[in-house]
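For reference, the chains in residue letters:
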Amino acid sequence: MQLSFWTYEGPPHIGAMRIATCMQGVHYVLHAPQGDTYADLLFTMIERRDVRPPVTYTTFQARDLGGDTATLFKKSVAEAYERFKPDVLLVGASCTAELIQDDPGGLALALNLPIPVVPLELPSYQRKENYGASETFYRLVRACVADYKPINKSTQPSCNILGPTALGFRHRDDVVEVKRLLEKFGVSVNVVAPAGAHPSDLARIPDAHFNIVLYPEVALTTAIWLERQFGQKFVNVTPIGVGGTRDFIKAIAEMFQIDAADFLRAETSRLVWYSRSIDSTYLTGKPVFIFGDATHAVCIARVAAEELGYQVVGLGTYSREFAREVRAAAKLYDIEALITDDYLDVEAAIKTANPALVLGTQMERHIAKRLGIPCAVISAPVHVQDFPARYSPFMGFEGANTLFDTLTHPMMMGLEEHLLGMFREDFEFHGDAGASHLGHTASPVQAEDATPLSATWDAEAERELRKIPFFVRGKARRNTEAYATQNKVTLIKLETLYDAKAYYSQ
Amino acid sequence: MNELSPLSVPVTAGCSDAPVLRERGQREVFCGLTGIVWLHRRIQDAFFLVVGSRTCAHLLQSAAGVMIFAEPRFATAIIDERDLAGLADANDELDQVVSKLIERRPEIKLLFLVGSCPSEVIKLDLSRAALRLNQRFAAENRRDLRVLSYSGSGIETTFTEGEDACLASLVPTLPAPPSTLPNLMVVGTVAEIVEDQFLRLFAALGIDNVGFLPPRRAAEMPSVGPNTKFLLVQPFLAETTAALERRGAVRIAAPFPLGVEGTTAWFTAAARAFGISAQHCANVLETPAARARDSLARHRVTLAGRKIFFFPDSQLEIPIARYLSRELGMWLSEVGTPFLHRELMAEELELLPAGTFLSEGQDVDRQLDRCRDNMPDIVVCGMGLANPLEAEGYTTKWSIELVFTPVQGFEQAADLAELFARPLRRRAMLKV
């Protein structure tokens, strides 16, 4: 039993949902109690998806446990098939259903549906979300390529991009950017999967010359299997940062013995010049703490150290599956990697490292905020803000542009704070001055107080006012005072407060 | 258009004997663990320890949103393989987790061990664990710390029923009243600002001996005995009601304090139960009721004549539907509720327009079909359904806000209307 206040990854069936939700023609029947349907909102709220995830939950209750949950499961599968007519059906159990051992795979197969049924066995008490995604993708690919008939491959190099999912950190834009880069380099993209793919697309995966493991947490297992099964080589170099992107292109060039030098001279990122411009000098050696999924943590550490000139003082991940890679990367910076899924450990490590910048997940953003350290988010778990409306990839040369902004702007704000601090006693920059970006109108705190107040608050009304949430309290105070002035009330009582509230809501 | 819609049926005798569509398919609702999100805000020195799986932890942080980023007063003891394989005695493991927790948070006065689906399926007895821990803390001179247990599991509870289970677990521990004077207990979580408004109105009515369950602090538990009369402020408290009745307390039957009419009836029922004259009661309620009525006018413009469809969620659906139809002139397309407690809901059903289409339980895909057939102007549903319905062109109000926002009482009547009016106004404003 492990005491957990918060978790970086969900249970493995959430990973399976990320695969099912991003694909076409796939439906997932999940044997699960009511309540597990909360997972839908991750997709509809955080990622703002405009359709429900293609998931049917059996939502069994206590009264079903006494009866026959297996029959309930079969009924759910049959009804889901009738209603949604998927081309492939995934079936599995969440943590509770795993305990009642109904064998969803066997039950679903017994229905003899005219479509492939892929049973998922995801050990909920042992593994987590990324494992679930990886395993589900692997099982699906295996099922879909089962009847693969080899074709004559094209003469132009072709690849599959493997790994992007629903709820993935910047996956939407990374795919666009990497696809653009590959096509410009002369490599055609056969299939992108799982995001946007149909089971019939998965069946075509072996047509390509090689695979790109865009997100190893999701796609490495599948790529290794495809290599073994079909002799398809894979590139497991993540194109994050200028160096990462160049290495990615070089790895592909090497595979086909092409010279990439001309291409790489023509294609570049503004990061290269921006980082050399003297304005960036102040970034030199700034201590930075990095935590996230293994791939993003390792790649961002490289960008921070080699491309922005920061000093990496902390590097860690919650992805235990990739601890080895993160430990190896940490050695490059003469530090010990932090492998943990307890955010309190991360918080303690950040405090000890005392960095000038934290690059992490949304949780590290909050830790940094508490500690007063500038921060940027570079990894899942995702938050609604990690799905920006604008194009904002992390990968490729455009991704490097995004990274320059993302990784330096918080520092500039920090610099601004620093300068304000230096000039604190200056007549223009005194401690009560508002934030500079609000201009000189930001300091009329006094101006407002200066208007003669005709009404005073009695103690009870004042206490009541304090119970109003802070973000509307100011408005409530102003409205009440305006109302009091207007009605020639000199002492604001509780009744005045509510009279004013009713008056202004009319 | 549905045959049972109030349009085609004359408004007569309410819904006391109305037929109810009972569904037992997929339920798109939270489990009872979710109640922790507001219960921990209400009881400020309580800690909620879920004994469950990673799914439970993930649910809580997904539902709690930003609250998780303060160090929260809730956590999960995540059961792992060793606990299941019997390699570790789950009880020893739990005791260790609790020790670690109490060491970290010594200010905690009330610890709830909250059962989950997995803990129930493996039959981990949390009531015995609570007993054992209480004995241990007593021996360690920590009598100020009490451990209780309840189940918030999805196989036992739906969303707000978690609060019911939590409050029911508190009832046997409530003190007996110090005297035989009649006292009033208000049952169900309310925001502090609502509590204070209620206290002032009770005082004006002449009822001074008022306690709230749950209270703000563990040391402020209300007393209960045969001279206790209690009023439910939330409709989902069936188990708590039964537990209070076992302690001899008597429920004051009333509609729920939502809207001007509901709030007036709620206070009037209390006044009657305490022998306060109807005239005095009317005098006290007149000013706030009139003020609240005035503040509804603006929202009536937006809401009157609009058709609303409720997916089942919090059990607040029937009282809210009653309020929206009677005070704001909305039409009820379907009112879904996860459970219908006819006894607790009797006064509400009487007020609901006759012919209202009522459904209990859920089969979400079939209900979505009905919703689309009905083409409502606004749909009240959970967060999993809201954006997909918006994308189909429906205006929605996500229901969880109804349990997080102070909506009870006179001063909040307009706020409750605003929750429904705002999405409609917004849709009218957008030109993209």
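A brief report on the enclosed structure follows.

What counts and what doesn't
- Residues numbered from 1 in each chain as written.
- Chains lettered and ligands numbered in written order.
- Predicted model: local features only at pLDDT ≥ 70, side-chain atom pairs only at ≥ 80, totals over all residues.
- Heavy atoms only, no water.
- Buried < 20%, exposed > 50% of the residue type's maximum accessible area, 1.4 Å probe, protein only.
- Helix = DSSP H or I, 4+ residues; strand = E, 2+ residues; numbered from the N terminus.
- Pairing = 2+ DSSP bridges.
- Right-handed = clockwise from strand over helix to strand, strands pointing away.
- Contact = heavy atoms within 4.5 Å.
- Buried area = accessible area lost by both parts, 1.4 Å probe.
- Salt bridge = Lys/Arg side-chain N within 4 Å of Asp/Glu carboxyl O.
- Polar contact = N/O pair within 3.5 Å; in protein donor to acceptor, adjacent residues only side chain to side chain.
- Axes fitted to C-alpha atoms, helices over the stretch in contact; angles between N-to-C directions.
- Expected span 1.5 Å × (residues − 1).

Describing the pairing of strand β6 (residues 158-162) of chain A
All names here are of chain A.
Next, step 1: Burial analysis of β6 places five of its five residues in the buried class, which makes it a mostly covered element.
Next, step 2: Across the two faces of β6 the burial is the same, with Ser158, Asn160 and Leu162 and Cys159 and Ile161 all buried.
Next, step 3: The pairing of β6 with strand β7 (residues 188-193) spans five bridges and is parallel. Bridge pairing in β7 places leucine 162 opposite alanine 193.
Next, step 4: With helix α8 (residues 171-185) bridging β6 and the parallel β7, this β-α-β connection has right-handed handedness.
Next, step 5: The sheet contact formed by β6 and strand β8 (residues 210-213) spans four bridges and is parallel. Opposite leucine 162, over in β8, you have valine 213 as the bridge partner.

Some remarks on the interface of chain A and chain B
Next, step 1: Contact with chain A, which involves 67 residues of that partner, is made by 76 residues of chain B.
Next, step 2: For the pair chain A and chain B, the summed buried surface comes to about 6,200 Å²; carbon and sulfur atoms form 58% of the total.
Next, step 3: Where chain A packs against chain B, one counts nine salt bridges.
Next, step 4: One salt bridge connects lysine 501 of chain A with aspartate 415 of chain B, and the closest N-O pair in it is separated by 3.1 Å.
Next, step 5: Put simply, chain A and chain B have 29 residue pairs in polar contact (both at pLDDT 80 or more) between them.

Considerations on the sheet that holds strand β13 (residues 378-381) of chain B
Residues and elements named next belong to chain B.
Next, step 1: Read across the open sheet, the six strands follow the order β1-β12-β11-β10-β13-β14; overall the sheet is parallel. Each edge of the sheet is formed by a strand with only one pairing partner; in this case those strands are β1 (20-24) and β14 (396-398). Strand-to-strand, the axes of this sheet are offset by a mean angle of 20°, without reference to chain direction.
Next, step 2: The pairing of β13 with β14 spans three bridges and is parallel. Note on β14: the bridge partner recorded for cysteine 381 is tryptophan 398.
Next, step 3: Docked against the sheet, helix α14 (residues 364-374) engages β1, β10 (307-310), β11 (331-337), β12 (358-362) and β13, running at close to 180° with respect to β10.

Thoughts on the pairing of strand β2 (residues 26-31) of chain A
All names here are of chain A.
Next, step 1: Here β2 lies mainly inside the structure; six of its six residues are buried.
Next, step 2: Neither face of β2 is open: one carries Val26, Tyr28 and Leu30, the other His27, Val29 and His31, and all of them are buried.
Next, step 3: Across six bridges, β2 lies against strand β4 (residues 88-93) in parallel orientation. Bridge pairing in β4 links valine 26 to valine 88.
Next, step 4: The pairing of β2 with strand β3 (residues 55-57) spans three bridges and is parallel. Residue leucine 30 lies in a different strand from β3, and its bridge partner there is tyrosine 57.

Here we look at helix α11 (residues 241-256) of chain A
All names here are of chain A.
Next, step 1: Over its 16 residues, α11 runs 23 Å from end to end, which matches the ideal 22 Å to within 8%, given 1.5 Å per residue.
Next, step 2: Residues of α11 that are buried: Gly241, Val242, Gly243, Gly244, Thr245, Phe248, Ile249, Ile252 and Ala253.
Next, step 3: Once α11 finishes, glutamine 257 follows within two positions and takes phi at roughly 50°, a positive value.

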